[in-house]
Amino acid sequence: EPEVTQTPSHQVTQMGQEVILRCVPISNHLYFYWYRQILGQKVEFLVSFYNNEISEKSEIFDDQFSVERPDGSNFTLKIRSTKLEDSAMYFCASSEALLRGTAFFGQGTRLTVV
Amino acid sequence: TQLLEQSPQFLSIQEGENLTVYCNSSSVFSSLQWYRQEPGEGPVLLVTVVTGGEVKKLKRLTFQFGDARKDSSLHITAAQPGDTGLYLCAGECKNSGYSTLTFGKGTMLLVSP
């Protein structure tokens with residue numbers, strides 16, 4: 001069964017460093033998303049991406065964040081100058097269609113900023 | 001900002017019992033999705049409901065979308081320990097032709113043998 005895969009599963013980084021979280025969405029999906037979940041809190045939308053550009057972003061997704069689809073398969077989230085409060089599980093998701101979109105989530109990357 | 005309220009926040013029951021969890025909002029959603037999340041893992045999609053009043057069944061799980069598409073319920077019959085997990089509802093919102101998911105905080109279900 002096709003699935004969304006994320007790497008790494010766990011990333012520890014020093015405060016102020018840049019991290020890149022990687023995702024391989026399901027191959028025939030056209031819409032890609034990043035969500036995050038701070039420990040004990042709800043899943044929060046960060047950004048959606050379609051046709052090689054950001055289609056929606058939340059207030060959380062400020063200039064510190066960027067997304068890219070560098071090739072036909074990968075979808076990346078870059079976090080510049082990480083802060084302690086960026087520590088969270090980051091989930092990538094993809095969906096085939098926009099209307100009635102059913103999103104499939106990856107296993108997540110646990111980011112720990114120390 | 002659309003908010004989804006899930007209740008109860010935590011539910012502990014014995015194997016074999018029935019239960020219902022709720023997802024409520026003042027906003028209308030294009031669709032509503034239910035997920036189950038295990039600790040340290042990503043949400044796993046259970047079902048998507050689209051039409052007001054729609055009922056979908058997945059084995060012992062019954063999902064209903066409210067007539068006004070503002071609320072939903074998940075009913076589990078004869079719960080089993082394998083049903084333990086965090087149940088999340090997520091409403092699909094459309095803005096300018098694009099859609100995003102807004103999640104509730106979830107209902108943590110613990111089913112004891």
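Residues numbered from 1 in each chain as written. Chains lettered and ligands numbered in written order. Predicted model: local features only at pLDDT ≥ 70, side-chain atom pairs only at ≥ 80, totals over all residues. Heavy atoms only, no water.

Draft legend 1. Just the overall build of chain A, in detail. Along its length, chain A carries zero helices and eleven strands. Written out in order from the N terminus, the α and β elements of chain A read β-β-β-β-β-β-β-β-β-β-β. In terms of C-alpha radius of gyration, chain A reaches 13 Å, essentially the compact-globule figure of 13 Å for 114 residues. Along the first, second and third principal axes, the C-alpha set of chain A runs to 40 × 30 × 30 Å. Here chain A, with 114 residues, has 46% of them falling under the buried criterion. The contacts in chain A between residues at least 6 apart in sequence include a share of 53% that link residues at least 24 apart. Carbon and sulfur atoms make up 46% of the accessible area of chain A, which totals about 5900 Å². Looking at chain A, you have 10 positive and 14 negative side-chain charges, and the mean spots of the two groups are 2 Å apart. (Helix = DSSP H or I, 4+ residues; strand = E, 2+ residues; numbered from the N terminus. Rg over C-alpha atoms; globule rule 2.2 N^0.38 Å. Buried < 20%, exposed > 50% of the residue type's maximum accessible area, 1.4 Å probe, protein only. Contact = heavy atoms within 4.5 Å. Areas by Shrake-Rupley, 256 points an atom, 1.4 Å probe, with all protein chains shown as cover. Lys, Arg positive; Asp, Glu negative; His and termini not counted. Charge placed at Lys NZ, Arg CZ, Asp CG, Glu CD.)

Draft legend 2. Structural detail: the sheet that holds strand 7 (residues 65–68) of chain A. All names here are of chain A. Pairing within the open sheet is antiparallel, and its four strands lie in the order 1-3-8-7. Edge strands, defined here as strands with exactly one partner in the open sheet, are strand 1 (5–7) and strand 7. Between one strand axis and the next, the sheet turns through 20° on average, direction left out of account. The sheet contact formed by strand 3 (residues 19–24) and strand 8 (residues 75–79) spans five bridges and is antiparallel. Following the sheet pairing, Cys-23 is matched in strand 8 by Phe-75. (Pairing = 2+ DSSP bridges. Axes fitted to C-alpha atoms, helices over the stretch in contact; angles between N-to-C directions.)

Draft legend 3. Highlighting the interface of chain A and chain B. Counting residues at the interface gives 22 residues for chain A, matched by 23 residues for chain B. Between chain A and chain B the total buried area reaches about 2000 Å² when both faces are included, carbon and sulfur atoms providing 59% of it. Across the contact surface, chain A and chain B share zero salt bridges. Counting every contact that joins chain A to chain B gives four residue pairs in polar contact (both at pLDDT 80 or more). Elements supplying a minimum of two residues to the side of chain A that touches chain B: strand 4 (31–37), strand 5 (44–50), strand 6 (53–57), strand 9 (88–95) and strand 10 (104–105) of chain A. (Buried area = accessible area lost by both parts, 1.4 Å probe. Salt bridge = Lys/Arg side-chain N within 4 Å of Asp/Glu carboxyl O. Polar contact = N/O pair within 3.5 Å; in protein donor to acceptor, adjacent residues only side chain to side chain.)

Draft legend 4. Molecular detail of the state of the cysteines. Evaluation of the coordinates by the stated rule reveals two disulfides over all chains. Residue pairing for A:Cys23: its cysteine sulfur links by disulfide to A:Cys92, the two sulfurs lying 1.9 Å apart. Disulfide A:Cys23 to A:Cys92: torsion about the S-S bond roughly -65°, handedness left-handed. Of this pair, A:Cys23 sits in strand 3 while A:Cys92 sits in strand 9, and the two are 69 residues apart along the sequence. The buried category is assigned to A:Cys92, whose relative accessible area is 0%. Between the sulfur atoms of B:Cys23 and its disulfide mate B:Cys89 the distance is 2.0 Å. What sets the handedness of the B:Cys23 and B:Cys89 disulfide is the S-S torsion sign, and at about 75° it is right-handed. Here B:Cys23, found in strand 3 (residues 19–24), pairs with B:Cys89, found in strand 9 (residues 85–95); they are 66 residues apart in sequence, far enough to count as distant. Considered together, B:Cys23 and B:Cys89 belong to a single accessibility category, that of buried residues. (Disulfide = S-S within 2.5 Å.)

Draft legend 5. Spatial organisation of the nonpolar core. Judged by nonpolar contacts, the single largest core of 22 residues is most densely connected at B:Leu19, B:Leu32, B:Trp34, B:Leu74, B:Ile76 and B:Leu109. Every element with two or more residues in this core is listed here: strand 2 (10–14), strand 3, strand 4 (31–37), strand 5 (44–49), strand 7 (61–65), strand 8 (71–76), strand 9 and strand 11 (107–112) of chain B. Judged by nonpolar contacts, the second largest core, of 21 residues, contains A:Val4, A:Leu21, A:Phe65 and A:Phe75. (Core = buried A, V, L, I, M, F, W, Y, C linked by side-chain atoms within 4.5 Å.)

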